[in-house]
Structure formats: C-alpha cells, structure tokens
Amino acid sequence: MSRGSASHGPLVAMIDEIVRLGPRLRNLFNDTGATTGLTPLESTVLTAVAESRSSPTVPQIGRSLGHHRQVVQRAAITLTGLGLIEVRPNPDHKRANLLAITPAGKAVYRKIVSAAQVRLDDLVSAMDPVECERIAGELGAFRHKIEAHLRSAR
C-alpha cells in the first residue's frame, strides 16, 4: 500500500501499519487451538462467545470480526455439533439466535487461552506494558471514531 499524498500521509501510514499487523497477529496465535482440534476460525468464534459480556448472535460476531455471517455460521454449527456452544432463543430477534458457551466449551476455551498465554509470555518480554496500554487506548478511540463516521454516513 502506498503511503499516500502529503495530506493523507499520516492516516494512510497508520492504516497501512494496522492492516499489516493483522496477519502477523493471526500467524502468532493461529495454532493455539490446534491441540483442541479446532480450526483457527472455530477457535476465534469460540473465543468471541466465551469473552462476550452477553450472549452474541452470529451476525454480531461476524461484524465484530469482519467476517461474513455465513462463515461464522458454519463455525457456530460445528461448535454446536461438538457441544462447545449452544443456541438459545433470542427474545429480540426470531432468526438471529443467541450463542452461549457450554461447560465443555469453557474447558476447550481454557486450553486455547493457555496456549495463547505461552505465546504472550514469550512476546511480553519484548514489549513495554505502558506503551501497549497507550496504543490500545488510542486504537480503541480510533475504532470508535471510524464506527461513528460509518454510522453518520448511512
């Protein structure tokens, strides 16, 4: 990706770095679910359900992860078949059921977290926690600005 014109340079440069960061993070954590027999996407969907404050729907997970609903639905069907998540009725929507983690899903999720923790422990020695906290806050603020812009553009 080009760094762009002078007027857009810093924004384009930042977006370029964020886009390049995604695959590196996926590579770092892709096989953390390997010992569970789950694909990286299934591990990601299980994590999304496990870490959600309230039971999410497939479309909500898809939007959050930037995946098509159908891709997330296939992973959710597999996870349901394995007994790791369950589908619950959604009082707010007839077709978009809620997803909830089962006790078996929690056990598998703990294995994924444990494998990811090994990677994090290895990486943390090269990182400054204060800088990480600052960057996380700034990226969160940037994401909220983009979301607000997208909402206002509708």
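Just so we're clear, the structure is a prediction, and the values are computed from it rather than from any experiment.

> Would you explain the overall build of the protein chain in this entry?
The helix and strand tally for the protein chain stands at six helices and two strands. In the protein chain, the order of α-helices and β-strands from amino to carboxyl end is α-α-α-α-β-β-α-α. Once the C-alpha set of the protein chain is aligned to its principal axes, its extents read approximately 50 × 45 × 25 Å. Per-residue burial for the protein chain yields a buried fraction of 23% across its 154 residues. Long-range contacts, defined as pairs at least 24 residues apart, comprise 53% of the intrachain contacts of the protein chain with a sequence gap of at least 6.

> Please clarify how the layout of surface pockets should be interpreted in this entry.
In this approach a probe as big as a water molecule rolls over the atoms, and the regions it shows empty are the leftover space. Put simply, the largest pocket is a space of about 2,500 Å³. Forming the walls of the largest pocket are 49 residues, and the residues nearest its centre are Leu25, Arg26, Thr44, Ser64 and Leu65. In this model, the second largest pocket occupies a volume close to 220 Å³. Surrounding the second largest pocket, 13 residues form its lining, Val58, Gln73, Arg95, Ala96 and Asn97 being those nearest its centre. Listed by contribution, the elements that provide at least two residues to the lining of the second largest pocket are α3 (58–65), α4 (69–81) and β2 (93–101).

Cut-off values and rules
Residues numbered from 1 in each chain as written. Predicted model: local features only at pLDDT ≥ 70, side-chain atom pairs only at ≥ 80, totals over all residues. Heavy atoms only, no water. Helix = DSSP H or I, 4+ residues; strand = E, 2+ residues; numbered from the N terminus. Buried < 20%, exposed > 50% of the residue type's maximum accessible area, 1.4 Å probe, protein only. Contact = heavy atoms within 4.5 Å. 1 Å grid on protein atoms, 1.4 Å probe; cavity = no way out; pocket = protein on both sides within 12 Å on 5 of 7 lines; lining within 4 Å. Points joined across faces, edges and corners; volume = space filled by probe spheres on them.

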